[in-house]
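Structural description and commentary
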Amino acid sequence: MAGRTKFQKAMARTIGSNGARTAEAIRQAGVKLIYKHGYEAMSLRQLAAEVGLQSGSLYKYFENKQNLLFDIVRDHMEDLLGKAEADLAGITDPLARLKTFSAFHLRYHMTRMAHVFIANMEIRSLEDEHRAVVVALRRRYEGLLEEILRQGAEDGVFQVSEPKVATYAIISMLTGICMWYRPGGRLSQDELVEIYTGLVVDGATGPGPATAARAKPLEAVAAQPRDSGTRAKPRAARPKTARA
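Residues numbered from 1 in each chain as written. Predicted model: local features only at pLDDT ≥ 70, side-chain atom pairs only at ≥ 80, totals over all residues. Heavy atoms only, no water.

The subject of this paragraph is the overall build of the protein. Across its full length, the protein carries 11 helices and 0 strands. Each helix and strand of the protein, placed in order from N terminus to C terminus, yields the pattern α-α-α-α-α-α-α-α-α-α-α. Of all 244 residues assigned to the protein, the portion counted as buried reaches 36%. Taking the intrachain contacts of the protein between residues at least 6 apart in sequence as the baseline, contacts between residues at least 24 apart amount to 68%. (Helix = DSSP H or I, 4+ residues; strand = E, 2+ residues; numbered from the N terminus. Buried < 20%, exposed > 50% of the residue type's maximum accessible area, 1.4 Å probe, protein only. Contact = heavy atoms within 4.5 Å.)

Quick look at the packing of aromatic side chains now. All told, the structure shown has 3 aromatic pairs when counted by the stated rule. When the ring of F104 is compared with that of Y108, the centres are 5.5 Å apart and the planes differ by 45°; the resulting orientation is tilted. Of this pair, F104 and Y108 both sit in helix α5 (residues 94-111), 4 residues apart, roughly one helical turn. In this structure, F104 and Y108 share a single accessibility class: buried. (Phe/Tyr/Trp six-rings, centres within 6.5 Å; stacked < 30°, edge-to-face > 60°.)

Before going further, it helps to examine helix α8 (residues 163-175). The terminal C-alpha atoms of α8 lie 18 Å apart, and with 13 residues this matches the ideal 18 Å at 1.5 Å per residue to within 8%. All buried positions along α8 are accounted for by P163, A166, T167, I170, I171, L174 and T175. Buried residues of α8 fall within an arc of 150° about the axis and therefore sit on the same side. Seen from the buried face of α8, the exposed residues on the opposite side, beyond 90 degrees, are V165 and S172. (Expected span 1.5 Å × (residues − 1). Arc of directions from axis to C-beta.)

Everything listed here is a matter of coordinates, which is why it stays silent on function.
Below, the structure written as structure tokens:
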């Protein structure tokens, strides 16, 4: 068929008598179209055209557009959770676990930006029953980090008084890399992982001796006297010059 995109040609090669392969092709096309147009704007006719099927054929694999979205988001969260657990398996030291979690989260999100965007932005489009399943998976994932922080605080490794709040803050910061990261930029993924992981570790372990000496509570700063005796002297008036 003339005028087909590379993606459509690839999907055509994927589609065949194997139902699982066809369903996966539809999911891939769904991710592409939802990421580009948004869930509400994407039509099943667009989706069918993208994978080279008749619109009616889609219903053999997904009952409706809502089920397709749920399938995409649920699969993303299950994959995220499973791979995080696998990376953390066998690591017991809280600091090592925190570094491992941070590095995993960053690399995963830098390489699956479309899935991440859909999971975060289109969760609002899920029906209540579907949203509850996704939220439960998200809570399990957040629980991995919260437990790391809680254990580290109990061991005296981390200075974290509110592990749940710290969990939300860290995940928000790490996920934020999707807002600006583009492959081929000035810094490599490894360099970005090192920078971000360093920020996370510094935040969890507390300031070192140098920064601790400089750090002051906001109340202490506000209570400082306004006039320290070193106020700059007013400039002397510029001498008037006679006109020529």
